[in-house]
Amino acid sequence: MLTLGTKLSYAVGNVGLQMLIAAMGFLLMIFYTDVALVPPAVAGAALLVGKVWDTINDPLFGWVTDRTRSRWGRHRVYLIYGAIPLAVVAAAVWMVPPGLSPVAAFLWIAITYTLFDTLMTLVQLPYQAMAANLTRDYDERTSLTAFASLGALIGFFAGSVLMPVLVRAAPDARTGYALAGACFGLAAGMAVAVVAWRVHEPVADEAAAPADPAPAWDSVRRTLLGTLRNRPFLLLVSAAGLVRLGLTLVQGALAYFVIYQLQGTQGDLPRLMAILLGVVGVSLFAWKRVVDRWEKNRAYILGLVFSAVGLVMLYWIQPGQQGMLAAVLALIGIGMGAHWIVPYAMVPDTIDHGHMLAGERTTGMYYGLYGLVDKIARTVATVVVAAVLDWTHYVPNVAQTELALQGIRTMTGLLPALCLAFAIPLLMAYPITRARHGEIRRSVGDVRDSQFAS
């Protein structure tokens, strides 16, 4: 059993990482279009550059971590050396120089965001992989994930609620985003350093890094193909990718929805996000109790149903109906609580299944592919938001046409609900139950649970 101190220390890392993810998910596009005054199509295309690189770096870095040997462990070493560079590059993303031409703006965004995305992968992937190796118990993983999700929620709150507050406190928006970005980068680096200092990987897992005599590319290809033969993992990562696509559409479009459809201001965003994330936080440990009694995939499906219904309702909200919006966001938040816990507790179970199939535990590759799908979904959502704004002739800082408002409502409500609905059949086919996981553990002869305490 893991100690409370280990769970809390591990959760601190998610505070910093999710702070960056939330700030960029909710505010980066509107920062580019309305503050840095970069055309939406240019900003979307520049962000896409980083994700093209992501098609290589996530699986590649996963393979590298599986074969890393160091006195600091297979995954912890990346947290030790990655904390400071991540902090610096995360701050640079929010410092677009004024007066850039479209070509210069494209280059600045593409370079800074690609560097950030690379360092984020080098830190976040090992951080996530540590969770699969800290415990092999089916229910203890859910407990660890609940703590990590609470940390993620705190970070998400900071990224989506505190950043607008910090921006408004500055003399102007450009300065505010630059200062807030610097603060958030520093906080993320410190959070990663706490995990590197306080959470140590089990010695048994460090010794398990395989020594592969095959050439590097052959080894990467063999490990990748072995991972892709894992049907439960493919079902889970496909469903989670669709959910991430839907929720990122909401993140990217919500600021536009509040300002232009609801006819509110940026000052309304912190209050509304506090309602959404507050409900998510209250629901986290309720969902943990549900997962303790139900199978994980069924709990996840129930959460998606709640959120999908709320997203459909979101589409019909009219200007000035802030009370209705708050109620709908609360319903969406109840469902989102399941997404914050359940899939992250399911990934280690699919890794155990892959271990049974291949006779080798390639944790990094699994998290590399999971991270790849997650980031592709985030990027596709960002590109969709930018494309829809461009197609509907969005003009920043003025009242929008009905066509532009229709695009904003669709991106915030109907499209995300459709993504969640498509994920449900995949989760219904997911085969790993509590009983099946017990059979998997017995089949690989895993009797080392006593070695996985902090």
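In case you missed it, the structure is sitting above this.
Residues numbered from 1 in each chain as written. Predicted model: local features only at pLDDT ≥ 70, side-chain atom pairs only at ≥ 80, totals over all residues. Heavy atoms only, no water.

Novice: I'd like a rundown of the overall build of the protein chain, residues and numbers included.
Specialist: Helix and strand counts for the protein chain come out as 15 helices and 0 strands. For a compact globule of 454 residues, the expected C-alpha radius of gyration is about 22 Å, and the protein chain comes in at 21 Å, within 12% of that figure. Each principal axis of the C-alpha distribution contributes one length, and for the protein chain these read about 65 × 45 × 40 Å. Counting every position in the protein chain, which comprises 454 residues, the buried fraction comes to 60%. For the protein chain, the share of sequence-separated contacts (at least 6 apart) that also reach a separation of at least 24 residues comes to 85%. About 17,000 Å² of surface is accessible on the protein chain, with carbon and sulfur atoms providing 71% of the total. If the 32 positive side-chain charges of the protein chain are averaged to one point and the 26 negative ones to another, these points end up 3 Å apart. (Helix = DSSP H or I, 4+ residues; strand = E, 2+ residues; numbered from the N terminus. Rg over C-alpha atoms; globule rule 2.2 N^0.38 Å. Buried < 20%, exposed > 50% of the residue type's maximum accessible area, 1.4 Å probe, protein only. Contact = heavy atoms within 4.5 Å. Areas by Shrake-Rupley, 256 points an atom, 1.4 Å probe, with all protein chains shown as cover. Lys, Arg positive; Asp, Glu negative; His and termini not counted. Charge placed at Lys NZ, Arg CZ, Asp CG, Glu CD.)

Novice: Got a sec to walk through the packing of helix α1 (residues 4-35) against helix α4 (residues 102-134)? Specific residues and values, please.
Specialist: Two numbers describe how α1 lies on α4: the axes approach to 11 Å, and their chain directions differ by 150°. Considering their axes alone, α1 and α4 lie roughly antiparallel with respect to each other. The handedness of the crossing between α1 and α4 is left-handed. Together, Tyr10, Ala11, Gly13, Asn14, Leu17, Gln18, Leu20, Ile21, Met24, Leu28 and Tyr32 of α1 and Ile109, Tyr113, Phe116, Met120, Val123, Gln124, Tyr127, Gln128, Met130, Ala131 and Leu134 of α4 make up the contact between the two elements. A per-class count over the contact of α1 with α4 returns 17 nonpolar, 5 polar and no charged. (Axes fitted to C-alpha atoms, helices over the stretch in contact; angles between N-to-C directions. Parallel < 35°, antiparallel > 145°, perpendicular 65-115°, else oblique. Left-handed = near helix turned anticlockwise from the far one by under 90°. Nonpolar A, V, L, I, M, F, W, Y, C, P; charged D, E, K, R; others polar.)

Novice: Mind laying out α1, listing which residues take part and the relevant values?
Specialist: The first and last C-alpha atoms of α1 sit 43 Å apart over 32 residues, in line with the 46 Å expected at 1.5 Å per residue. Residue Leu27 marks the point of greatest curvature in α1, where the axis turns by about 50°. Counting buried residues along α1, 27 of its 32 residues qualify, which places the element largely inside the surrounding structure. Just beyond α1, the residue with positive phi is Leu37, at close to 60°. (Expected span 1.5 Å × (residues − 1). Bend = angle between axes of the 7 residues up to and from the residue.)

Novice: Give a description of the packing of aromatic side chains that names residues and reports values.
Specialist: Inspection of the entire model under this criterion finds 15 aromatic pairs. Their ring planes at 50° and their centres at 4.8 Å tell us that Phe31 and Tyr177 sit as a pair that is tilted. Taken together, the positions of Phe31 in helix α1 and Tyr177 in helix α6 (residues 173-198) put the pair 146 residues apart, joining distant regions of the chain. Relative accessible area serves as the criterion here: at 1%, Phe31 is assigned to the buried category. Ring centres 5.6 Å apart and planes at 80° place the aromatic pair Tyr260 and Tyr394 in the edge-to-face group. (Phe/Tyr/Trp six-rings, centres within 6.5 Å; stacked < 30°, edge-to-face > 60°.)

Novice: Provide a residue-level description of the nonpolar core, including the pertinent values.
Specialist: In terms of nonpolar packing, the biggest core is built from 138 residues, with Tyr10, Tyr32, Trp94 and Phe116 touching the most fellow members. Of the residues forming this core, the biggest block, 18 residues, is contributed by helix α9 (residues 231-261). In this structure, Phe116 is in contact with Leu20, Met24, Leu86, Val89, Ala90 and Val93, ignoring residues within four places of it in sequence. (Core = buried A, V, L, I, M, F, W, Y, C linked by side-chain atoms within 4.5 Å.)

Novice: Give me the pattern of salt bridges: which residues, what numbers.
Specialist: Any two side chains of opposite charge can pair, on the condition that their charged atoms come close. The tally for this structure, following the rule as stated, stands at 8 salt bridges. When the shortest N-O distance is used, the salt bridge between Asp374 and Arg244 registers 2.8 Å. One end of the pair, Asp374, is in helix α13 (residues 363-391); the other, Arg244, is in helix α9, and 130 residues separate them in sequence. Residue classification places Arg244 among the buried residues on the basis of a relative accessible area of 6%. (Salt bridge = Lys/Arg side-chain N within 4 Å of Asp/Glu carboxyl O.)

Novice: Tell me what's going on with the side chain of His339, and back it up with residues and numbers.
Specialist: Summarising the element assignment, His339 is placed in helix α12 (residues 322-358). Residue class for His339 comes out buried when judged on its relative accessible area of 4%. Side chain to side chain, His339 and Tyr300 meet in a polar contact 2.7 Å long. In this structure, His339 is in contact with Val243, Arg244, Leu247, Tyr300 and Tyr344, ignoring residues within four places of it in sequence. (Polar contact = N/O pair within 3.5 Å; in protein donor to acceptor, adjacent residues only side chain to side chain.)

Novice: Can you tell me about unusual backbone geometry, naming the residues and giving the values?
Specialist: The general pattern is negative phi for most residues beyond glycine and trans for most peptide bonds. You will see that His393, though not glycine, has its phi angle at about 60°, which is positive. In this structure, His393 sits in the loop between α13 and α14 (402-428). Even without a glycine there, the phi angle at Asn397 is positive, about 65°. Its location among the elements puts Asn397 in the loop between α13 and α14. We classify Asn397 as exposed; its relative accessible area is 55%.

Novice: How would you sum up the environment of Gly50? Please name residues and give values.
Specialist: Within the fold, Gly50 resides in helix α2 (residues 40-66). Judged by its relative accessible area of 0%, Gly50 is buried. When the C-alpha atoms of Gly50 and Met24 are compared, they prove to be 14 Å apart, with 26 residues separating the residues in sequence. With residues near it in sequence (within four places) discarded, Gly50 still touches Thr114 and Asp117.

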